[in-house]
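Given next are the chains, with one letter for each unit.
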Amino acid sequence: MAGRPLTPSQLIAILLLALLVTSHAGGIAVYWGQNTGEATLFATCASRKYQFVILAFVSQFGQGRAPQLDLSGHCDASSGGCSDLSDDIRSCQRRGVKVLLSIGGGVGKYGLSSAADARLVAAYLWNSYLGGTSSSRPLGDAVLDGIDFDIELGSAKFWDNLARDLKDMGKSGNKAVLLSAAPQCPFPDEWDGAAINTGLFDYVWVQFYNNPECQFSSGRKAFLDAWKQWESVPAGKIFLGLPASKSAAGTGFVPAAQLSQVLPLIKGYSSAIKSHV
């Protein structure tokens, strides 16, 4: 795809603008963890700007690799230095902010070789970050709300298996696991498409940037054609993903003054209002 992944330092600046089902209010999500210049996790949630904070990324896993959490903008997980984030995570959750962990990203070594491999990765995520138990929990004893699929590399196979396994483990462990995905706006997404089609994803934040064929700057028709395809997928809520600043993406930045032109276009579709807005 044109203009594929953002670098990790750019990804943290992405704001995902949502029109929610009941309130029609704006919900904003932010990727956090790669930028040394961003606020602490506690301060990010205390700002009350965000409904979702996505810790990014577990950038190495699967196919026999030792899983690796990279929050290099803030702490060194390999030495146990990220366990102190537990208190911040719980503070976010007390404020009503959902805290998810993103796997994948534009830079990393990851992939799934089989359904059995997907099951192993799901077990690792469940025990290390979610409702399970492990002697090694990189973020300490805080229990995250879910997992974000930001798959941009390697094979497209077995991500649907991973989604099913995570949901099943949540049911068995009596701790619901939220699932989100960050596909590119060309439809369907090369990597996340099959997983999203399972109908198990609570949130899908579609990246309408670095893809000139469907971003708003390419014209109203191209943008709306892509949006109408995405709002038809079987997910809980569909979000419009935009860069927070011009420097955060190669293309697709929408100045604040133009957002008043973009959001009404989405809100005006009855099918979007019915299922996602």
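Read on for a plain summary of the structure. Every value quoted in this text rests on a predicted model; they were computed, and no experiment measured them. (Residues numbered from 1 in each chain as written. Predicted model: local features only at pLDDT ≥ 70, side-chain atom pairs only at ≥ 80, totals over all residues. Heavy atoms only, no water.)

## Regarding the nonpolar core
Leu55, Leu139, Phe149, Trp159, Leu162, Leu166 and Phe208 are the most contacted members of the largest nonpolar core, which totals 68 residues. If you tally residues by element for this core, the top one is helix H4 (residues 115-129), at six residues. For Trp159, the contacting residues outside a window of four places in its chain are Phe61, Ile103, Tyr110, Gly111, Leu112, Phe149, Ile151, Trp191 and Ala195. (Core = buried A, V, L, I, M, F, W, Y, C linked by side-chain atoms within 4.5 Å. Buried < 20%, exposed > 50% of the residue type's maximum accessible area, 1.4 Å probe, protein only. Helix = DSSP H or I, 4+ residues; strand = E, 2+ residues; numbered from the N terminus. Contact = heavy atoms within 4.5 Å.)

## Examining the packing of helix H7 (residues 220-230) against helix H8 (residues 256-267)
At a closest axis distance of 11 Å, the pairing of H7 and H8 adopts a crossing angle of 45°. If you check the angle between H7 and H8, you find them oblique. When the axes of H7 and H8 are compared, the crossing they make is right-handed. In this structure, H7 contributes Arg220, Phe223, Leu224 and Trp227 to the contact, and H8 contributes Val262, Leu265 and Ile266. Its residues assigned to classes, the contact of H7 with H8 shows six nonpolar, no polar and one charged. (Axes fitted to C-alpha atoms, helices over the stretch in contact; angles between N-to-C directions. Parallel < 35°, antiparallel > 145°, perpendicular 65-115°, else oblique. Left-handed = near helix turned anticlockwise from the far one by under 90°. Nonpolar A, V, L, I, M, F, W, Y, C, P; charged D, E, K, R; others polar.)

## Regarding the pattern of salt bridges
A complete count under the given rule lists six salt bridges for this structure. Of the charged contacts, one joins Arg119 and Asp165 as a salt bridge, the two residues approaching to 3.4 Å between their closest N and O atoms. A residue pair is termed long-range when its members are at least 10 positions apart, and Arg119 in helix H4 and Asp165 in helix H5 (residues 159-172) qualify at 46 residues. Classification of Arg119 as partly exposed rests on a relative accessible area of 42%. Look at Asp165 and you get buried, because its relative accessible area is 12%. In this structure, the salt-bridge partner of Asp202 is Lys167, at a minimum N-O distance of 2.9 Å. One end of the pair, Asp202, is in the loop between helix H6 (193-196) and strand E9 (203-207); the other, Lys167, is in helix H5, with 35 residues separating them in the sequence. Owing to a relative accessible area of 16%, Lys167 belongs among the buried residues under this scheme. Residues joined in a network through salt bridges with shared partners are Asp87, Arg90 and Asp141. (Salt bridge = Lys/Arg side-chain N within 4 Å of Asp/Glu carboxyl O.)

## So, the state of the cysteines
One pass over the full model with this rule turns up three disulfides. Covalent S-S linkage joins Cys75 and Cys82, the inter-sulfur distance amounting to 2.0 Å. Between Cys75 and Cys82 the disulfide shows an S-S torsion of about 105°. By sign, it is right-handed. The pair Cys75 / Cys82 is uniform in exposure class, with both members buried. Disulfide partner of Cys185: Cys214, at an S-S distance of 2.0 Å. Across the disulfide from Cys185 to Cys214, rotation about the S-S bond amounts to roughly 75°, and the bridge is consequently right-handed. With Cys185 in the loop between strand E8 (178-181) and H6 and Cys214 in the loop between E9 and H7, the pair connects residues that are 29 residues apart, well separated along the chain. Note on accessibility: Cys185 and Cys214 belong to one class, buried. In the protein, the bonded cysteines, taken in the order they occur along the sequence, pair up as 1-4, 2-3, 5-6. (Disulfide = S-S within 2.5 Å.)

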